[in-house]
Amino acid sequence: MAQGNHTDLLRQFGLARNPFVDRTAEKTSLDPVSLYVHSDLHGFTPSETTYIFFGRRGSGKTTIRLSMQKAYAQHNESVRASGVSRGHFIVDLSRPGHLTACLRTFQESTGCTDDNWDASFADNWTSADMVDCMMSYAMTQLVAKVTDSKSATAQDMLPAPVLASLLSSLYSAPDSAETVRGLTVGVSAHQKLERLSALLRTLGYEGLAVFGDCFDEVVLLDPVQYPGAIKVFAREVCRNDLLNFGRMHFFFPDSRLALDLNTDKTLKEARFDRHFVRDLTWSRHQLEELAERRFLAAQLEAQRRAAAGAGHAEARKDGGAGLANADVSSVAGGKTYTFADLFQAVRVEDFSSYLSKLSTPRELMIMMTEMMGRMEAHPEGGLTAQDMEISVTKALEQAV
Ligand SMILES: Nc1ncnc2c1ncn2[C@@H]1O[C@H](COP(=O)(O)OP(=O)(O)OP(=O)(O)O)[C@@H](O)[C@H]1O
Ligand SMILES: [Mg+2]
């Protein structure tokens, strides 16, 4: 069912589009009505807190990361506009290719091959190496900014020679050429972070904020090819030495248990009790509310478009961005259907019990799309229990 394709079912419920077609956060832009915000993340604003999320594929990690990054972008924009500072310098470890490049370099410098990678990584990788990845990201960005003659930043930042001397001040005098070549800035993870952050403050930033996500897409952390690597990687991130620095935002592609992080040793080193740590699991009620929000948002969008009439392209551009939760019922004064109305049309006995077989938003989206397709195919009414079983099975199979 293509988006924007007006089928009878969509028309019947006043929907501008199928609200359940998307599968990944990277390709989706959610308006405030469609977005389900977990209660402990309401009103998120940049703070010193370190956030760590654990969640299976499709559990909504990237959705949370993107909305946190948006909050940082807004903060940065406002402090820049008022000339207070440059805002927080964002190290985005989920930028495609960055971690893969870092790990390839590490692989070369430790002289190991793809064949012994799992074991060798476990023996050699430390949280300080993790911080070197943040460091190399920051340096690459800073050098690009300073050497970009067209950018305003380059002109009012620092002349290249001054930056060069600042960068060299990161290295302490006793560092041998060898260690400098090995990108050793400071010794411990914390010391490295302190130095990077001091440099950033000298350059007019408030400090450093780090985001890490999509680790299972990093070639050398692929959990199928190297089942041990992602666990070692997670273990080295989850050390208080690093987490305690603050403004760290990490999203791991599995539960703490599956990543072997529930051991006494890890718990002692990570001090999860001092940080915001969450296993991203979804109850049936939460998934139902998520579906309900999306269902409503697609109706409101249709009403806005209708109200805008010929100016419909404009209404679309807004995408509901300015719509506060309180406005929901009054938009265009139109009638809206509840999610329950949709299931009246399905006439399956116990819809809830099917929902309770799902555990992530991605599974929900697949099931809903499949169901809506089947409703289209049987306009005369009703879905059978078998239709529901098949929709659930598809969701569970395809969501991984
Ligand atoms: N809080 C939410 N509100 C509304 N929709 C959501 C929410 N969380 C996730 N979704 C939707 O569910 C789908 C999967 O979400 P997302 O891509 O964030 O999951 P993920 O955990 O990052 O998955 P992966 O492990 O594959 O990277 C997307 O289509 C997204 O729009
Ligand atoms: Mg993701």
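Located above this text is the structure these notes cover.
In short, a report on the structure. (Residues numbered from 1 in each chain as written. Chains lettered and ligands numbered in written order. Predicted model: local features only at pLDDT ≥ 70, side-chain atom pairs only at ≥ 80, totals over all residues. Heavy atoms only, no water.)

The next subject is the overall build of the chain. For the chain, the helix and strand inventory stands at 18 helices and five strands. Among the 400 residues that make up the chain, the fraction classed as buried is 48%. Taking contacts inside the chain between residues at least 6 apart in sequence as the whole, the part at least 24 apart equals 76%. When the accessible surface of the chain is totalled, it reaches about 18900 Å², and 52% of it is carbon and sulfur. (Helix = DSSP H or I, 4+ residues; strand = E, 2+ residues; numbered from the N terminus. Buried < 20%, exposed > 50% of the residue type's maximum accessible area, 1.4 Å probe, protein only. Contact = heavy atoms within 4.5 Å. Areas by Shrake-Rupley, 256 points an atom, 1.4 Å probe, with all protein chains shown as cover.)

Strand order in the open sheet formed by five strands is 2-3-4-1-5, with parallel pairing between adjacent strands. Lying at the two open borders of the sheet, with one neighbouring strand each, are strand 2 (88–92) and strand 5 (276–279). Ignoring which end each strand starts from, the neighbouring axes of this sheet average 10 degrees apart. Pairing between strand 2 and strand 3 (residues 207–212): five bridges, direction parallel. By the bridge assignment, His-88 is partnered in strand 3 with Gly-207. Most of the contacts of helix 5 (residues 127–147) go to strand 2, to which it runs at about 120 degrees, and overall it touches strand 2, strand 3 and strand 4 (248–252). (Pairing = 2+ DSSP bridges. Axes fitted to C-alpha atoms, helices over the stretch in contact; angles between N-to-C directions.)

On to the side chain of Gln-286. In this structure, Gln-286 sits in helix 13 (residues 284–308). Separated by 3.4 Å, the side chains of Gln-286 and Tyr-36 make a polar contact. (Polar contact = N/O pair within 3.5 Å; in protein donor to acceptor, adjacent residues only side chain to side chain.)

Applying the stated rule across the entire model yields 23 salt bridges. For Glu-301, the salt bridge is made with Arg-17, and the minimal N-O distance between the two is 2.8 Å. Taken together, the residues span a long stretch of sequence, with Glu-301 in helix 13 and Arg-17 in the loop between helix 1 (8–12) and strand 1 (51–54) at a distance of 284 residues. Across the pair Lys-357 and Glu-389 runs a salt bridge whose closest N-O atoms are separated by 3.7 Å. Separated by 32 residues along the polypeptide, Lys-357 in the loop between helix 16 (351–355) and helix 17 (361–377) and Glu-389 in helix 18 (residues 385–398) bring together distant segments of the chain. On the basis of relative accessible area, Lys-357 is assigned to the partly exposed category, the value being 42%. Each of the salt bridges in this network shares a partner with another, and the network as a whole consists of Arg-235, Glu-236, Arg-239, Lys-265 and Glu-269. (Salt bridge = Lys/Arg side-chain N within 4 Å of Asp/Glu carboxyl O.)

The subject of this paragraph is the site of ligand 1. Close contacts around ligand 1 come from 23 residues, with Asp-22, Tyr-36, Arg-57, Thr-62 and Thr-63 the closest. Interatomic distance of 3.5 Å between a backbone N/O atom of Arg-23 and an oxygen atom of ligand 1. One of the side-chain N or O atoms of Arg-294 is found 3.0 Å from an oxygen atom in ligand 1. Against a free-state accessible area of 630 Å², the protein chains account for coverage of 98% of ligand 1. When contributions to the shell around ligand 1 are tallied by element, the ones reaching two or more residues are helix 2 (61–81), helix 13 and helix 17. Along the lines of polarity and charge, the residues of the shell around ligand 1 split into eight nonpolar, eight polar and seven charged. Counting contributing residues, the shell around ligand 1 receives three or more from each of domain 1 (9–21 + 284–398) and domain 2 (50–274). (Near = heavy atom within 4 Å. Nonpolar A, V, L, I, M, F, W, Y, C, P; charged D, E, K, R; others polar. Domains from an automatic or database assignment.)

Attention now goes to the packing of aromatic side chains. Counted by the stated rule, this structure contains 27 aromatic pairs. Note on Phe-54 and Phe-272: the rings are 6.2 Å apart at their centroids and 85 degrees apart in plane angle, and the pair reads as edge-to-face. Taken together, the residues Phe-54 in strand 1 and Phe-272 in the loop between helix 12 (264–270) and strand 5 connect sequence positions 218 residues apart. Comparing Phe-54 with Phe-272 shows no difference in burial state: the two are buried. (Phe/Tyr/Trp six-rings, centres within 6.5 Å; stacked < 30°, edge-to-face > 60°.)

Tallied over the entire structure, the rule returns zero disulfides. Cys-102 carries a free sulfur, and the closest cysteine sulfur to it, the one in Cys-133, is 3.6 Å from it. In this structure Cys-102 comes out as buried when scored by relative accessible area, which is 14%. (Disulfide = S-S within 2.5 Å.)

A few words now on the nonpolar core. Counting 53 residues, the largest nonpolar core has Phe-121, Met-134, Phe-233, Phe-250 and Phe-252 as its most contacted members. The element best represented in this core is helix 5, accounting for nine residues. Filtering out sequence-adjacent residues up to four positions away, Phe-250 remains in contact with Tyr-51, Ile-52, Phe-53, Leu-93, Met-134, Val-210, Gly-212, Phe-215, Val-237, Leu-242 and Leu-243. Within the second largest apolar cluster, 33 residues are counted, among which are Ala-298, Tyr-354, Met-371 and Ala-399. (Core = buried A, V, L, I, M, F, W, Y, C linked by side-chain atoms within 4.5 Å.)

What follows deals with helix 10 (residues 229–237). Burial analysis of helix 10 places seven of its nine residues in the buried class, which makes it a mostly covered element. For helix 10, the full list of buried residues reads Ala-229, Ile-230, Val-232, Phe-233, Ala-234, Glu-236 and Val-237. Those residues of helix 10 hidden inside the fold are in contact with helix 3 (98–109), helix 4 (117–124), helix 5, helix 11 (240–243) and strand 4.

Because side chains alternate across strand 1, one face comprises the buried residues Tyr-51 and Phe-53, and the other comprises Ile-52 and Phe-54, equally buried. One ladder, built from four bridges, connects strand 1 with strand 4; its direction is parallel. Paired with Phe-53 across the bridge in strand 4 is Phe-251.

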